[in-house]
Every structure is written in structure tokens, then in C-alpha cells.
Amino acid sequence: MDLLVTYDVETITPQGQRRLRKVAKICEAYGHRVQKSVFEVVCRETDKVRFVAALQEAIDPTQDSIRIYRLPAHALDDVEHLGKPRLIDPRGPLVI
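Since the model is a prediction, treat every value here as computed from it, not as a measurement.

Rules behind the numbers
- Residues numbered from 1 in each chain as written.
- Predicted model: local features only at pLDDT ≥ 70, side-chain atom pairs only at ≥ 80, totals over all residues.
- Heavy atoms only, no water.
- Pairing = 2+ DSSP bridges.
- Helix = DSSP H or I, 4+ residues; strand = E, 2+ residues; numbered from the N terminus.
- Axes fitted to C-alpha atoms, helices over the stretch in contact; angles between N-to-C directions.
- Contact = heavy atoms within 4.5 Å.

**Here's the deal with the sheet that holds strand E2 (residues 31-35)**
Piece 1. Here four strands make up an open sheet; going across it, the order is E2-E3-E1-E4 and the pairing antiparallel. This sheet does not close on itself; its edge strands, each paired only once, are E2 and strand E4 (65-71). Each neighbouring strand pair of the sheet contributes to a mean axis angle of 25°, computed without reference to strand direction.
Piece 2. With five bridges joining them, strand E1 (residues 2-8) and strand E3 (residues 38-42) adopt antiparallel strand pairing. Residue pairing in the sheet places Thr 6 in a bridge with Val 38 of E3.
Piece 3. Running at roughly 120° to E2, helix H1 (residues 14-30) makes contact with E1, E2, E3 and E4 of the sheet.
Piece 4. Sheet contacts for helix H2 (residues 45-58): E1, E3 and E4; angle to E4, the most-contacted strand, approximately 170°.

Shown next as C-alpha cells:
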């Protein structure tokens, strides 16, 4: 499945800054960063369950927001892109 993940984590406090780093590391383990807080993720349903659970554990739901958009199958193969070229194939190997 193809996912687009965006997040907004409160960073005013040191705890918020730690949560931001943790959320970013979790997202990096599952997908490719395409903007500062936007990731493209290609995964199986079981991986999505683990991914969402890890994110829920990392955030403060009263301060932070994560949006996960489930895209149609292979939607990331047909992205219109402007500007700096996309260097990473979303279906290519994910090196951590």
C-alpha cells in the first residue's frame, strides 16, 4: 500500500523536540522523506499496523498531530514533481 505521512510535533519544549526526533526516526524506518515533515511510505498492512502503533506511542496526542493518507495502489509511481528532482524510488530498497 502507498501512504503519505505528514506530522506536526510541538517543539517549544525539550520534550517536544525529543518527540519530533523520535517521530522522524520512526518515519525514516518505514519510508522516504520528501519534505521536512512529509514521508512517502510503501508497506504491507502488517507493517502499517506496527508503524501506526510506534507513532502513537511516540507522540503527545494533546500537542502533536500526524496525518496518514492511504493512497490508491501505486499512486506514488505517478507523482507530478516540480523543482529539485526526486532521487529516490519509493519502491526501491530502503536503507536505514
